[in-house]
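Here are the chains, one letter per residue:
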Amino acid sequence: MIKGLVQGVGFRPFICRMASKHGLFGEVDNRSDGVSVIVQGDLKTVDLFGDDILQYAPPASQIKSLEIRSAQIDNYNNFRITSSKTIENQITEISPDIAVCADCLEDMESDPERIDYPFVNCTNCGPRFTIIEGLPYDRPKTTMKSFRKCGNCDNEYNNILDRRFHAQPIACNSCGPVYRYKDALRSLNNITLILREVSLQIAAGKTVAIKGLGGYHLMCDALNDDVVNTMRQKKQRDSKPFAVMFRDITAAKKYCFIDETEEEEIKSWRRPILILKQKKILSPSVSNGIHTIGAMLPYMPVHYLLFKSLKTPAVVLTSGNLSDEPIICDDHMAEKQLLSVADSFLSYNRQILNRADDSVIRIINRETTIFRRSRGFVPQPVDLKFSVDGILALGAEQKNSFCIGKGYQAVMSQYIGDLKNPATYNFFIETIDRFSDIFRFRPELIACDLHPQYLSTHYAELFENELNIPLIRVQHHHAHIASCMAEHGLDESVIGVSLDGTGFGSDGNIWGGEFMIADLKESTRFKHFDYVPMPGGEKAVDEPWRMAYSYIFKYSGDIFDYESLSVFNSIETKKLSMIKEMLVKKINAPLTSGAGRLFDAVSAILGLCPEATFDSEAPMRLESVIDCETTDFYPFQADTNIVFAETIKAIIDDLHKQKISVISAKFHNTIARVILEVSQQIRKVTSLKKVILSGGVFQNKYLLEKSLYLLKLNGFKVFTNHLVPSNDGGISLGQISIASKIKR
Ligand code: ZN
Ligand code: FE
């Protein structure tokens, strides 16, 4: 029995090859808990066979345990793959998409059928989730079905000793998909000519729309500021950093600081976008003043082919869609929409069935932290210690992902996005239908957020009203905490710290700076960040200067000389008095305890980001300026709730005395101290020692590392999210876990 990540990653064909190498007969079979191998032979041979399995396991697999025991078995006269009998076992066969492997890259240079063939793949690599229509995972159930295998591919497909044995997307130059290039003047379909043309376009400062694995990308030279700027305007993407694909790890190391853990992650078969500290600036418009680079390495064969002819070591590779819309995967729509944004268009004739954005990861405290979970991760299930069968959890509203329960596994959808965008909402509904089809899922219980206005809540109510399916509403921050507990298999009472932007609280206020005593069923609020008004409601999220004003007004009122702060000088007097009126008269100023809003306020006070053009810009800029070592922190009060009156005053005092970098570090240290202090208070009352840190604010590397350090130093056991995002992209995992506990 072999356990770990051993399904859907070319493991069974690999076992066949190893068995044949050792002359062993028997069978290999996928079970819901791993891969079972039966072989007949003497113990010594079987031991060697086991050693080889451990040593040569497929790159995308990860063996957690291999157990050999002897038993009486039937007589075998060959070695075979037993086809999965149950749907549960078939589900685990759907692998995420895997970056092209080294063997296949070599085939592109030496295999006569696959010289420069951009759709080369084998059982160890290639598209999976993005091309699958349903189970069982066989070629007719993928978008490869329209391509008839040639004789050569067919032989390889059926040869148990071949690396392409049962590789469903198997293809070669004479039978597989092909690329097609188009611009205003001409169209090309010869790959050599296409590559030459695209390289010329990139070198000439043009933008190319290019079909990827999970959707279309826009590509341009990351060193050419003009084209990066143009692309930004056309994409209507204000100042959010663009992801960059580097030629190879050497090129990436020239522009980014990369440590060992980061190198391993960026090179992994999942090939995510990795957030790295910037070493040398690319085009300044790539990261727009934020000192990190979202870096990735080539993962499709065509990326490698392109870099062979490209002169630049780095291209911007960003999803081909207008801001906030889902990534485009439909060829006609792409051609219509993207040819107006890009100068040329590079597509291929295999359909993308399930769109998937590039995943985004950051290494925090030497561990993987997922910001966006999509290509390379989905639909790998999260294993749970309890059954969530038949539950559909619909997630939050921003950064939405939903989750379906199959037995003891939670299958999370790919990153969907902000449901307020109509196209994204359609993507949400379409993907729920797709998941229901692929995984043969029918919901028996629905879980959603407590927020009455979330579109995901409305959709949940449709299930409730029209199909009569029971609905459980889960408080947002309880769900954050539970998402992390579920990941770590914790089913007990814990200290839950959820620092977040916004989430609907059970008192009707907007929560987000929450300290809870929680288990998977219930949560009680122990303490929270002081309520402050958000003048203008949602507007205050886009304009952090409003939160700066609100915080100062709450703690200092009229005594403070607002004109002494440069951030308010740039704001019209009329607007300032309007905000003041909202605060005084308490109109259109909902109360929030959101930690995100406090970070916004401080970022604005420091003049870093009075107005935000993308989600979390103010906290990102605040974190980004830190470049110093200090353990100093500001005073705060945590007797009743957590009050930042002294903190804000001290920050303003420091404005003339300290560098911005130091003030920001001290502010972050303060929040880490608050986390420690309140956790200690809870431990005193409850003797709980396990602390969960979850919520979007913990994407902040500096804050999370400081908090982990302080908590561990003081005897706490700390848990953070690794398998799903700590932001709202992980909410559905928390919802499904809580719903399953309440149901029973
Ligand atoms: Zn391969
Ligand atoms: Fe949240």
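What counts and how
Residues numbered from 1 in each chain as written. Chains lettered and ligands numbered in written order. Predicted model: local features only at pLDDT ≥ 70, side-chain atom pairs only at ≥ 80, totals over all residues. Heavy atoms only, no water. Helix = DSSP H or I, 4+ residues; strand = E, 2+ residues; numbered from the N terminus. Rg over C-alpha atoms; globule rule 2.2 N^0.38 Å. Buried < 20%, exposed > 50% of the residue type's maximum accessible area, 1.4 Å probe, protein only. Contact = heavy atoms within 4.5 Å. Areas by Shrake-Rupley, 256 points an atom, 1.4 Å probe, with all protein chains shown as cover. Lys, Arg positive; Asp, Glu negative; His and termini not counted. Charge placed at Lys NZ, Arg CZ, Asp CG, Glu CD. Donors = N, O, S within 2.8 Å, 3.2 Å for Na, K, Ca; no water. Expected span 1.5 Å × (residues − 1). Core = buried A, V, L, I, M, F, W, Y, C linked by side-chain atoms within 4.5 Å. Pairing = 2+ DSSP bridges. Phe/Tyr/Trp six-rings, centres within 6.5 Å; stacked < 30°, edge-to-face > 60°.

Draft legend 1. A look at the overall build of the protein chain. Regarding its fold elements, the protein chain presents 25 helices and 30 strands. Taken over the C-alpha trace, the protein chain has a radius of gyration of 27 Å; the compact-globule value for 744 residues is 27 Å, and the two agree within 12%. In terms of overall dimensions, the protein chain has C-alpha extents of about 90 × 65 × 55 Å along its principal axes. Burial analysis of the protein chain (744 residues in total) assigns 62% to the buried set. The contacts of the protein chain with a sequence gap of at least 6 include a subset with a gap of at least 24, amounting to 71%. Summing over all exposed atoms, the protein chain offers an accessible surface of approximately 29200 Å²; the carbon and sulfur share of this is 49%. Averaging the positions of the 86 positive and the 90 negative side-chain charges in the protein chain gives two centres separated by 1 Å.

Draft legend 2. Spatial organisation of the coordination of the iron ion (ligand 2). Around the iron ion (ligand 2), the protein supplies His 476 (NE2), His 480 (NE2), Asp 500 (OD), Asp 500 (OD) and Asp 728 (OD) as donor atoms, at distances of 2.0 to 2.7 Å. When the donors of the iron ion (ligand 2) are listed by position in the chain, the intervening gaps give H-x3-H-x19-D-x227-D. A residue pair is termed a helical-turn pair when its members lie 3 or 4 positions apart in one helix, as His 476 and His 480 do in helix α15 (residues 476–487) at 4 residues. For the residue pair His 476 and His 480, the accessibility class agrees, reading buried in each case.

Draft legend 3. How the structure looks around helix α25 (residues 731–743). For α25, built from 13 residues, the straight-helix expectation of 18 Å at 1.5 Å per residue is met to within 8% by its first-to-last C-alpha distance of 18 Å. Of all 13 residues making up α25, 11 are buried, and the element is well covered by its neighbours. Listing the buried residues of α25 in full gives Ile 731, Ser 732, Leu 733, Gly 734, Gln 735, Ile 736, Ser 737, Ile 738, Ala 739, Ser 740 and Lys 741.

Draft legend 4. Layout of the nonpolar core. Ranked by size, the top nonpolar core spans 69 residues in total, and within it Phe 11, Ile 15, Val 37, Phe 49, Tyr 179, Val 198 and Met 219 carry the most contacts. Among residues more than four places away in sequence, those in contact with Met 219 are Val 198, Ile 202, Lys 206, Thr 207, Val 208, Ile 210, Met 231, Leu 306, Val 315, Val 316 and Leu 317. Ranked by size, the runner-up nonpolar core spans 68 residues in total, among them Leu 499, Ala 540, Tyr 555 and Ile 663.

Draft legend 5. Spotlight on the sheet that holds strand β23 (residues 471–474). The sheet built from 6 strands is open, its strands ordered β18-β21-β20-β19-β22-β23 with mixed pairing. Each edge of the open sheet carries a strand with a single partner, namely β18 (382–383) and β23. Of the strand pairs in this sheet, strand β19 (residues 391–393) and strand β22 (residues 445–449) are connected by 3 bridges, and their pairing is parallel. Opposite Ile 391, over in β22, you have Leu 445 as the bridge partner.

Draft legend 6. Main features of the packing of aromatic side chains. As enumerated under the stated definition, the model contains 24 aromatic pairs in all. Aromatic pair Phe 129 and Phe 435: ring centres 6.1 Å apart, planes at 70°, arrangement edge-to-face. Here Phe 129, found in the loop between α4 (102–110) and α5 (151–158), pairs with Phe 435, found in helix α13 (residues 422–438); they are 306 residues apart in sequence, far enough to count as distant. Owing to a relative accessible area of 0%, Phe 435 belongs among the buried residues under this scheme. The interplanar angle of 75° and the centroid separation of 5.3 Å between the aromatic rings of Phe 402 and Phe 435 together place this pair among those described as edge-to-face. You can see Phe 402 sitting in the loop between β19 and β20 (403–406) and its partner Phe 435 sitting in helix α13, a full 33 residues away along the chain. The buried category is assigned to Phe 402, whose relative accessible area is 0%.

In short, the description is geometric, and any link to function would need to be established separately.
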